[in-house]
Amino acid sequence: MSSLDDLYQQVILDHAREKHGFGLRDGSAASSHQMNPTCGDELTLQVHLSADGQTIDSLSWEGAGCSISMASASLLSDLAAGMPVTDAPARIALFRELMRSKGAGVDDDEPLGDAAVLEGVSRYIARVKCAMLAWVALEDSLAGLR
Ligand code: ZN
């Protein structure tokens, strides 16, 4: 239990510091701006697609907020790079299920990669929106592609 808590803390701190994908770039296919007024988190996320439009080449984002919101955006950037566009909705749904699990987790969190470590956030209902922010931005961006 405590080692999982330590891992959770460490991953969040690392990603809140490193912020993979941070910095907006030209040439995005879609973007979304999302705010979480409860905590004061805010971010703009851009989706960059492969040449054939079938794969998420990378995400880029900028924003400010608590370490959970920043770490989650960073973890999502790692996860989404190279992901088929058609796979994204199911991953977002799985992450949402994990965040709503109140600490119980989901049967198979492997599709979430390192982002599964955010499971610990689901025990703190007030922080779930922080963790969801970037994922909602991706969901909203992809909806704009259709
Ligand atoms: Zn927050």
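Residues numbered from 1 in each chain as written. Predicted model: local features only at pLDDT ≥ 70, side-chain atom pairs only at ≥ 80, totals over all residues. Heavy atoms only, no water.

Caption draft 1: A look at the side chain of serine 32. Relative to the helices and strands, serine 32 resides in strand β1 (residues 30-36). Given the relative accessible area of 3%, serine 32 is considered buried. Among the polar contacts listed, one links the side chain of serine 32 to the side chain of aspartate 140, at a separation of 2.6 Å. Residues contacting serine 32, with those up to four places away along its chain left out, are Leu43, Thr44, Leu45, Ala137, Asp140 and Ser141. (Helix = DSSP H or I, 4+ residues; strand = E, 2+ residues; numbered from the N terminus. Buried < 20%, exposed > 50% of the residue type's maximum accessible area, 1.4 Å probe, protein only. Polar contact = N/O pair within 3.5 Å; in protein donor to acceptor, adjacent residues only side chain to side chain. Contact = heavy atoms within 4.5 Å.)

Caption draft 2: Looking closely at helix α2 (residues 67-80). For α2, which comprises 14 residues, the first-to-last C-alpha distance of 20 Å matches the rise-based estimate of 20 Å (1.5 Å per residue) to within 8%. Among the residues of α2, those classed as buried are Ile68, Ser69, Met70, Ala71, Ser72, Ala73, Ser74, Leu75, Leu76, Ser77, Leu79 and Ala80. Backbone geometry just after α2 places glycine 82 at a positive phi near 90°. (Expected span 1.5 Å × (residues − 1).)

Caption draft 3: Structural detail: the nonpolar core. Counting 44 residues, the largest nonpolar core has Leu45, Phe95, Met99, Trp135 and Leu138 as the members making the most contacts within it. Listing elements by their share of this core, those giving two or more residues are α1 (2-18), β2 (41-49), β3 (55-64), α2, α3 (88-99) and α4 (125-145). At 10 residues, the largest contribution of residues to this core is made by α4. Ignoring anything within four residues of it in the chain, the contact list for phenylalanine 95 reads Ser72, Leu112, Ala115, Leu118, Ala131, Met132 and Trp135. (Core = buried A, V, L, I, M, F, W, Y, C linked by side-chain atoms within 4.5 Å.)

Caption draft 4: Structural context of the coordination of the zinc ion. Protein-derived coordination of the zinc ion comes from Cys39 (SG), Asp41 (OD), Asp41 (OD), Cys66 (SG) and Cys130 (SG), at a distance range of 2.1 to 2.7 Å. For the zinc ion, all donor residues lie on one chain, and their spacing in sequence is C-x1-D-x24-C-x63-C. (Donors = N, O, S within 2.8 Å, 3.2 Å for Na, K, Ca; no water.)

In short, geometric facts, not functional conclusions.
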